[in-house]
Amino acid sequence: MAVKLVALFKKPEDVKAFEAHYFQVHVPLAEKMPGLQKVEYNRAIGSPFGEPAYYMIAELTFESMDALNASMVSEEGKAAAKDLMGFAGNLVQLVFTETVNQPAEVH
């Protein structure tokens, strides 16, 4: 079953500087992580309840939890983690997710 490493970012004080570092430095590092199957970057544009809790959400998909764990301890994973903590350690929350398929009809 595919799993994701999801990075939830609070809105930074300096959005322009954050995005410059994120897309020019961090994303290229993260995309070198072995076993990475797919990446999606999402910018929050609103919320039905006012200001969104998160500004940017990144979803990195791996084949399995074992593949994700191996990627995180690889040299590429360590480099991406070090960079992440350096520029956004106070802004980011990381979670592991798996897709949950609910039956079409629940009794």
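Residues numbered from 1 in each chain as written. Predicted model: local features only at pLDDT ≥ 70, side-chain atom pairs only at ≥ 80, totals over all residues. Heavy atoms only, no water.

Visitor: Account for the packing of helix α1 (residues 15-30) against helix α3 (residues 75-88), with residues named and values stated.
Guide: For the pair α1 and α3, interaxial distance at closest approach is 9 Å and the crossing angle is 165°. Between α1 and α3, the angle is such that the two are roughly antiparallel. Here α1 and α3 pass one another in a crossing that is left-handed. Here Phe18, His21, Tyr22, Val25, His26, Leu29 and Ala30 of α1 come into contact with α3, specifically with Glu76, Ala79, Ala80, Asp83, Leu84, Phe87 and Ala88. Taken together, the residues of the contact of α1 with α3 break down into ten nonpolar, two polar and two charged. (Axes fitted to C-alpha atoms, helices over the stretch in contact; angles between N-to-C directions. Helix = DSSP H or I, 4+ residues; strand = E, 2+ residues; numbered from the N terminus. Parallel < 35°, antiparallel > 145°, perpendicular 65-115°, else oblique. Left-handed = near helix turned anticlockwise from the far one by under 90°. Contact = heavy atoms within 4.5 Å. Nonpolar A, V, L, I, M, F, W, Y, C, P; charged D, E, K, R; others polar.)

Visitor: Give me the lowdown on the nonpolar core, citing residues and values where you can.
Guide: What tends to happen in soluble globular proteins is that the nonpolar side chains get buried as a cluster. Among the nonpolar cores identified, the biggest contains 22 residues, and Phe9, Phe18, Tyr22, Leu60, Phe62 and Ala88 are the most heavily contacted of them. Listed by contribution, the elements that provide at least two residues to this core are β1 (3-9), α1, β3 (56-62) and α3. Filtering out sequence-adjacent residues up to four positions away, Phe62 remains in contact with Ala2, Val3, Met33, Pro34, Gly35, Leu36, Gln37, Ala67, Leu68 and Ser71. (Core = buried A, V, L, I, M, F, W, Y, C linked by side-chain atoms within 4.5 Å. Buried < 20%, exposed > 50% of the residue type's maximum accessible area, 1.4 Å probe, protein only.)

Visitor: Describe the sheet that holds β3, listing the residues and the values that go with them.
Guide: Pairing is antiparallel in the open sheet, where four strands are placed in the order β2-β3-β1-β4. Each edge of the sheet is formed by a strand with only one pairing partner; in this case those strands are β2 (36-43) and β4 (92-98). Taking each pair of neighbouring strands and ignoring which way they run, the sheet shows an average axis angle of 15°. Across seven bridges, the pairing between β2 and β3 is antiparallel. Of the residues in β3, the one forming a bridge with Glu40 is Glu59. Strands in contact with α1 are β1, β2 and β3; relative to β2, the strand with the most contacts, it is inclined by about 170°. Contacting β1, β3 and β4, helix α2 (residues 65-73) crosses the sheet at an angle of about 55° to β1. (Pairing = 2+ DSSP bridges.)

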